Amino acid sequence: MSWPMPPLCPCPSSSTGTTSTGWDAGITWRSLRTVDPADLPLEVGYIRDKVLRVVNDSVEDGHIERLIIEATEAAEEETQRALMPQTWQMILSGFPSGDIVLERPPLIEVVSFGYLDADGASQTLAVSPLDFQVIPSGKYRKARLRPLSGASWPGTISTEEAVTITYRAGFSNDQDPQLMHIARGIALMVSELYKTRTLSVVGTSVSQATLHLERFWKKVY
């Protein structure tokens with residue numbers, strides 16, 4: 001299943017490091033999604049038949065898919081995770097003194113790792129075999145990259161785009177217990193959004209769709 005349309009909610013897919021977060025002192029960075037996921041964490045047919053139990057067959061499949069997309073984007077933003085496999089870039093103004101913390105876990109693989117040396121020439125760190133260490137993502141922990149034992153990061157030119165890391169992130173197994181737990185929260189939000197089609201009814205609000213979702217959507221750090 002493809003994602004043929006932008007999310008309905010204004011959920012940003014990038015972030016910018018503007019203050020020190022414990023690892024990025026002295027550098028600035030931003031991360032952005034460059035390749036969207038090809039699949040949704042929940043099938044339209046499952047939501048239609050098992051969650052919503054609609055009686056008009058596939059007439060509203062397009063609407064249901066849009067709601068799944070919206071809820072998925074909300075879940076990713078709230079948890080700071082990538083759910084289905086997707087590609088991200090982290091762009092830094094230089095190397096930190098220690099680890100680089102990659103946004104949007106779980107990390108699948110580092111695709112490329114390039115930097116501009118002190119003379120401004122393009123250089124790369126090999127990803128196979130690795131010219132650096134990868135500390136995998138944990139249940140509530142982001143992946144980290146660090147120099148090989150006894151080594152340090154190379155020097156770079158002074159520019160906002162001195163280092164560019166491209167990587168794939170997301171749950172590679174759609175039966176992963178963490179993904180399935182988050183998906184239950186997505187299903188709950190879709191159900192609420194499906195029922196709440198207007199804000200003109202007294203006592204209803206789209207915000208009701210996010211009630212108690214902290215049970216399913218725990219942020220990763």
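Residues numbered from 1 in each chain as written. Predicted model: local features only at pLDDT ≥ 70, side-chain atom pairs only at ≥ 80, totals over all residues. Heavy atoms only, no water.

Student: Account for the packing of aromatic side chains, with residues named and values stated.
Tutor: Here the structure, examined in full by the defined rule, presents six aromatic pairs. Of the aromatic side chains, those joined through ring pairs into one cluster are Phe95, Phe113, Tyr115, Phe132 and Trp153. (Phe/Tyr/Trp six-rings, centres within 6.5 Å; stacked < 30°, edge-to-face > 60°.)

Student: Which residues make up the sheet that holds strand β7 (residues 132–135), and what values go with them?
Tutor: Across a sheet, strands are paired by hydrogen bonds formed along the backbone, either parallel or antiparallel in direction. With respect to topology, three strands assemble into an open sheet ordered β4-β8-β7, the strand pairing being antiparallel. A single partner strand is all that each edge strand has here, and the edge strands are β4 (100–101) and β7. (Pairing = 2+ DSSP bridges. Helix = DSSP H or I, 4+ residues; strand = E, 2+ residues; numbered from the N terminus.)

Student: Please give an account of the packing of helix α1 (residues 44–52) against helix α3 (residues 177–195) that cites residues and values.
Tutor: Interaxial distance between α1 and α3 falls to 11 Å at its minimum, and their mutual angle equals 75 degrees. The angle between α1 and α3 places the two elements in the roughly perpendicular class. Of the residues in α3, those in contact with Ile47, Val51 and Leu52 of α1 are Ala187, Val190, Ser191 and Tyr194. (Axes fitted to C-alpha atoms, helices over the stretch in contact; angles between N-to-C directions. Parallel < 35°, antiparallel > 145°, perpendicular 65-115°, else oblique. Contact = heavy atoms within 4.5 Å.)

Student: Residues and numbers for α1, please.
Tutor: When α1 is considered as a whole, its buried residues turn out to be Val44, Ile47, Arg48 and Leu52. Around the axis of α1, the buried residues are gathered within 95 degrees of arc, so they sit on the same side. On the buried face of α1, the contacting elements are α2 (61–79) and α3. Following α1 by one or two positions, Arg53 adopts a phi angle in the positive range, close to 55 degrees. (Buried < 20%, exposed > 50% of the residue type's maximum accessible area, 1.4 Å probe, protein only. Arc of directions from axis to C-beta.)

Student: Can you tell me about the nonpolar core, naming the residues and giving the values?
Tutor: In this structure, Ile47, Ile186 and Trp217 are the most contacted members of the largest nonpolar core, which totals 28 residues. Within the residue set of this core, elements represented by two or more residues are α1, α2 and α3. A per-element tally of this core places α3 first, with nine residues. Beyond its immediate stretch of four places on either side in the chain, Ile186 contacts Pro41, Leu42, Ile68, Ala71, Thr72, Ala75, Leu83 and Trp217. The next biggest cluster of nonpolar side chains, apart from the first, holds 25 residues, and it includes Val101, Leu107, Ala143 and Tyr167. (Core = buried A, V, L, I, M, F, W, Y, C linked by side-chain atoms within 4.5 Å.)

Student: I'd like a rundown of the side chain of Ser191, residues and numbers included.
Tutor: Relative to the helices and strands, Ser191 resides in helix α3. Judged by its relative accessible area of 16%, Ser191 falls in the buried class. Those residues in contact with Ser191 that sit more than four places away from it in its chain are Val51 and Leu52.

Student: Run through the pattern of salt bridges, naming residues and quoting values.
Tutor: In the structure shown here, the tally under the stated rule is twelve salt bridges. Ionic pairing is found between Arg30 and Glu161, a salt bridge with its closest N-O pair at 2.7 Å. Taken as a pair, Arg30 in strand β2 (residues 29–35) and Glu161 in the loop between β8 (144–147) and β9 (163–169) lie far apart in primary sequence, 131 residues in all. Each of Arg33, Asp36, Glu73 and Glu76 takes part in a single network of salt bridges with overlapping partners. (Salt bridge = Lys/Arg side-chain N within 4 Å of Asp/Glu carboxyl O.)

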